[in-house]
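Below, each chain spelled out in residue letters.
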Amino acid sequence: MDKVEVVAGNGLLHRRAFLRDGAMMAAALTGYAYTKAAGAEPLADAPWSREMGAVMPPVQAPSRFEKHVVRTLSNPNNELRNSHARTPHQLLQGTITPASLHFAINHSGVPDIDPAQHKLVIHGLVRQPLLFTVESLSRYPMVSHMAFVECGGNSAPMFSNEPIQATAQALHGLVSCSEWTGVRLSTLLDETGVDPKAKWFIAEGADSLALSRSIPLKKGLDDAMIALYQNGERLMPGNGYPMRLLLPGYEGNMNVKFLRRIKLVDQPAMTYYETRTYSQLLPSGKAFRFYFLQEVKSFITHPSFGHALKGPGFYEISGIAYSGNGRIAKVLVSADGGKSWGEAALQEPVLPKAFTRFRMPWRWDGRPVVLQSRAWDEAGSVQPLRAEFVAQRGETKKPPNPLGFPNQHYNSLTSWAVDSKGEVKHVYA
Amino acid sequence: MSTLKPLAVWALLVGSGAALAQTPGLGARISEADITAWDISILPDGTGLPAGSGTAAQGAPIFVAKCAMCHGEAGKGSPAGNILAGGAPLTSGIETTKTIGNFWGYSTTVFDFIRRAMPFQQPRTLNDNEVYALTAYLLALNKIIPENEVMNAKTLPQVKMPNRDGFIIRFPERI
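Just so it is clear, the model here is predicted, and its values are computed rather than measured.

**Digging into the sheet that holds strand β4 (residues 167-169) of chain B**
The three strands lie next to each other as β18(A)-β19(A)-β4(B), forming an open sheet whose pairing is mixed. Every interior strand has two partners, whereas the edge strands, β18 (280-281) of chain A together with β4 of chain B, have only one. Relative to strand β19 (residues 287-289) of chain A, β18(A) is paired through two bridges, and the arrangement is antiparallel. Bridging from a neighbouring strand, A:Q280 pairs with A:F288 of β19(A).

Structure, rendered in structure tokens:
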């Protein structure tokens, strides 16, 4: 009977307890004992093992048994308003969001853009305005970045004064992570030339609202990209086909989709989306402007609301951590509502401004627990505790519409309570 | 906007012709004049505002005809369109509805967004006089300008919005 080390309350085990060599090391330590697995039935062939399978389609779709793994839509009938599609984090694993399940917000539907007709112009405070096409950009030197994109309003239901009973998808589904491939904006700005008076650029889309945002030129010359590919294939229509601006670590709305124009300017344009929608009201009545950064954040996806634990025993707690500052440095997990913490294993590779999967072995004894995660990034920033966060940013007076955005840029903790029946609820702890 | 610069400045910025030759150089040259139809950005100092003018009285019937079906009578809002006028004090809570009157920092944003995005079903179909008139109507509705004040490229940027100074730059070092 092996034994593994308990590192924190309610059965959190050492992060290396089940890795190679780790189990043997852990076996020497006192703590939980493995239970014997239940006996299995004798084996027999299933029907699908006795006949030739189906034809392979040119573009494959998930198994028919995975039809529940879908984005949730806020505007399925395309009424005259914006539309959200949220990523089902509680049903996914790893760090890459399948392109078909990548979150999207579109403020006036998804435009049907012919890539042969699409153009990108760069002008304003430049030496020579230039016009690019998908074809011409496709001949430029390209780079690939793993990067999360997160809506500034992701996790908005967490501003509720009472915990809203909803899945990780409903609470945190407006963030996803892809490998993006395209042309560095700095490469194109080398060709247009940049007037020293230029301090900002306005990025604008080819959607019907001509959605526009002002972005510091500093970011444009750092790691901004004109992205053409998402996880190896062309961008999905809802994610900006045929080209979008990618600003790793910055508020999703700034990563302008269907990008058709970049204008270099000496001052921000104070557009609708930057001075109204994505300015965050504070309890004082003042508001943040130009938040830009998606700060360090994590949440547990397994187990989470909607899951049911099938009795006491071993489970792996896992979730997602990310920071617009760079790499995740550390994730701690608690099973006792924050009284004690154990350090989670970070799945390699740990990349800057991208999802990092954290994992924590756990032996549940069947009693009620409260699970939390808390992340640190390499810049030293840490997820604020909920009490600290609410003291600074406030909360609503009554529970809001879960699809609404009472406020934005929530990066505090998420707490999941598991009751003695194994059901998972959302709580504040 | 004028972007003429002494040649010496550009030489410092972009380097020699040899350096230029190292980039693919596949962008097509285009003049600012040929970008005009797309160049719809208005800056808070008024840069980009077109000729034309309008008043609240001229804007009122346009609002009834083209805006009220979503934004409601006198901009009171509906499920399909944001509230545009009035609004509670911003100290009423972090979920307080943001309106032009209680929140927006710059009058030029009103012109810019109407011209680029409205009406929702038919964006960029209003002429510049109509956009000035609707801008004046919404500013008057929020009691920011008098009913009879003419909005044009000169007067609009001078309108000081009530919440102009209500903002905190979150990360100044990132600008």
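**Considerations on helix α4 (residues 185-192) of chain A**
α4(A) sits mainly inside the fold: seven of its eight residues count as buried. Along α4(A), the residues classified as buried are A:L185, A:S186, A:T187, A:L188, A:L189, A:E191 and A:T192.

**Some thoughts on the pairing of strand β28 (residues 424-427) of chain A**
A regular strand carries its side chains on alternate faces of the sheet. Residue and element names in this part refer to chain A. The side-chain alternation of β28 yields one buried face, formed by V424 and H426, and one unburied face, formed by K425 and V427. Across four bridges, strand β27 (residues 415-418) lies against β28 in antiparallel orientation. Counted as the bridge partner of S415 is V427 from β28. Connecting β27 to the next strand, β28, in antiparallel fashion are five residues, including G422 with a positive phi near 90°.

**Looking at the packing of helix α6 (residues 107-117) of chain B against helix α7 (residues 128-141) of chain B**
Residue and element names in this part refer to chain B. At a minimum axis separation of 9 Å, α6 and α7 run at an interaxial angle of 135°. The orientation of α6 relative to α7 falls into the category oblique. For the pair α6 and α7, the crossing hand works out as right-handed. Contacts from S107, V110, F111, I114 and R115 in α6 reach D128, V131, Y132, L134, T135, L138 and L139 in α7. Considered class by class, the residues forming the contact of α6 with α7 number eight nonpolar, two polar and two charged.

Parameters and conventions
Residues numbered from 1 in each chain as written. Chains lettered and ligands numbered in written order. Predicted model: local features only at pLDDT ≥ 70, side-chain atom pairs only at ≥ 80, totals over all residues. Heavy atoms only, no water. Pairing = 2+ DSSP bridges. Helix = DSSP H or I, 4+ residues; strand = E, 2+ residues; numbered from the N terminus. Buried < 20%, exposed > 50% of the residue type's maximum accessible area, 1.4 Å probe, protein only. Axes fitted to C-alpha atoms, helices over the stretch in contact; angles between N-to-C directions. Parallel < 35°, antiparallel > 145°, perpendicular 65-115°, else oblique. Left-handed = near helix turned anticlockwise from the far one by under 90°. Contact = heavy atoms within 4.5 Å. Nonpolar A, V, L, I, M, F, W, Y, C, P; charged D, E, K, R; others polar.

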